[in-house]
Structure formats: structure tokens, C-alpha cells
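# A closer look at the structure
Listed here are the chains, written in short residue letters.
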Amino acid sequence: GVKSTLIVMLTGAFTGMVMALQGYYTLKQYGSEGALGSAVALSLIREMGPVLTGIMVSARAGSAVTAEIGIMRITEQLDALDTMAVNPIQYVVMPKLLAGVIAVPLLTAIFDVVGILGGYLVGVVLLGVSSGSYFSGMLRSVVPLDVYGGIVKSLVFGLTIILVACYKGYYTQHGAAGVSKATNQTVVLSAVLILAWDYVLTSFFM
């Protein structure tokens, strides 16, 4: 989680900046530039924050977890734990699962905050939107359900990423080529499942 912070912050900043840029010229057509803050905040908190954070973590940390456990499998370290009557699931998988459930919601919160600041930089500093309207619109439109929904999504995404990563690593086969294949499958499958879960959870909250 800590090692994923920088990439999450960079992604959040540029996402917020692009959304503010696109949103400004769209809202300007209707004379609603004051709603830019609410548009950026709601998009980040509800959707973009959890989804993009999940995808970044799966690429950065999920692949590393798969590679680590996969190497333990092909070098028979997991078999050695079994021989010593140590449960590999409890010893290897559970700490990573707990870390994922804790880290991904925190990284999502960082993504949201940095993204909103990035939107502020573009919308207010560069394009001249009123600072007061940017934040007041955000405060009026964002309700606790939006925040809770983002937290629930990030928890589910974190659990999904680590479960996929650990499963693919645990059942790696065919030596180094198997580890490479499992790592690739982890990133792709995690991204697809994140998007699928996002649709299901969004439908539920709506």
C-alpha cells in the first residue's frame, strides 16, 4: 500500500485535472460553471476514485503478490510450510488479504483528495471558476451515501485484488514461465472484476 501511494497520487491528480478541464467546457455551454466542483467531486468519490485506485493497485501490488507467492510455489517453499505443519493460507495469504482491505480504502481516499485538488488547480487557478462556488457546490452535492459507497467499493476491490493475486500465485505451474503468465492473468482478471463489481455495486447504491 505504501509503495503504491505515489502512483495513486499521480493518477488522482491528472484524473481530477482532466475531469475539470472537460467538465468546464461542457458546463460552460449551459452557463453552469459553478457546478464544476460538484461534478468533479461526485465523479471521483462515486466512481473514478475506487475504480482507478483498484486498477493501479492491481497493477502495482497485485502483480507483485502473485509473483512472490508463485516463486514460493515453484521453489517448493509452500510445500515446505506444509511439511512443517504450517498452514500456507494462514501464514502467507491472510496477512496480504488484511493489508489489501486496509490499504485500498486509504489509497482511494488519497486519490479522491488529490483529484479534487487537481480539479481545483485547473478549474479555479487556470480557468477562473470561482473558488467559493467550486467548494460550495461540492459541499451541497456530496452526501454521506456517496462517501460510504466509495468506501464499500474500495473494500470490495481490495478484497478482490488480493484474492485473485493469491489464487493465481498459489496455483502457479510450469516454472518461471508459469509465474509470468500468472502475473499477467492477475492484472487482467483483477481489472475486469473491478469493473464488473463497480457496475453491481453502483446498481445497488442507486
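Note that the structure is a prediction, hence the values are computed from the model and not measured.

The phi dihedral of Glu76 is positive, around 65°, even though this residue is not glycine. For Glu76, the position within the fold is in the loop between helix H2 (36–74) and helix H3 (77–83). On the accessibility criterion, Glu76 (53% relative accessible area) is exposed. Not every positive phi belongs to a glycine, and Ala85 is a case in point at roughly 65°. With respect to the helices, strands and loops of the structure, Ala85 is situated in the loop between H3 and helix H4 (88–126). The exposure class assigned to Ala85 is exposed, which follows from its relative accessible area of 71%.

Evaluated as defined, the whole model comprises seven aromatic pairs. With a centroid separation of 5.2 Å and 70° between ring planes, the pair formed by Tyr170 and Tyr171 is classed as edge-to-face. Given a relative accessible area of 14%, Tyr170 falls into the buried group. For Tyr171, a relative accessible area of 53% gives the class exposed. Judged by centre distance (5.4 Å) and plane angle (75°), the ring pair of Phe204 and Phe205 falls under edge-to-face.

What follows deals with the environment of Arg60. Take Arg60: it is sitting in helix H2. The exposure class assigned to Arg60 is partly exposed, which follows from its relative accessible area of 36%. A C-alpha to C-alpha distance of 29 Å links Arg60 and Phe204, two positions 144 residues apart in sequence. Look past the residues within four positions of Arg60 in its chain and what remains in contact with it is Lys3 and Ser4.

This part covers the nonpolar core. Ranked by size, the top nonpolar core spans 37 residues in total, and within it Leu36, Ile69, Leu78 and Tyr134 carry the most contacts. At the level of secondary structure, the elements contributing two or more residues to this core comprise helix H1 (5–28), H2, H3, H4, helix H5 (131–141) and helix H6 (144–170). In terms of residue count, H2 provides more of this core than any other element does, eleven residues in total. Excluding residues that lie within four positions of it along the chain, Ile69 makes contacts with Leu78, Val92, Lys96, Cys166, Gly169 and Tyr170.

Applying the stated criterion to the full structure yields five salt bridges. The salt bridge partner of Asp146 is Arg46, with a shortest N-O separation of 2.8 Å. Remark: Arg46 occurs in helix H2 and Asp146 occurs in helix H6; sequence separation between them is 100 residues. A relative accessible area of 8% means that Asp146 is categorised as buried. Given a relative accessible area of 32%, Arg46 falls into the partly exposed group. A salt bridge links Asp198 to Lys153, with the nearest nitrogen and oxygen atoms 2.9 Å apart. You can see Asp198 sitting in helix H7 (residues 175–205) and its partner Lys153 sitting in helix H6, a full 45 residues away along the chain. Here the residues in one salt-bridge network are Glu47, Lys153 and Asp198, joined through shared partners.

Reading guide: rules and limits
Residues numbered from 1 in each chain as written. Predicted model: local features only at pLDDT ≥ 70, side-chain atom pairs only at ≥ 80, totals over all residues. Heavy atoms only, no water. Helix = DSSP H or I, 4+ residues; strand = E, 2+ residues; numbered from the N terminus. Buried < 20%, exposed > 50% of the residue type's maximum accessible area, 1.4 Å probe, protein only. Phe/Tyr/Trp six-rings, centres within 6.5 Å; stacked < 30°, edge-to-face > 60°. Contact = heavy atoms within 4.5 Å. Core = buried A, V, L, I, M, F, W, Y, C linked by side-chain atoms within 4.5 Å. Salt bridge = Lys/Arg side-chain N within 4 Å of Asp/Glu carboxyl O.

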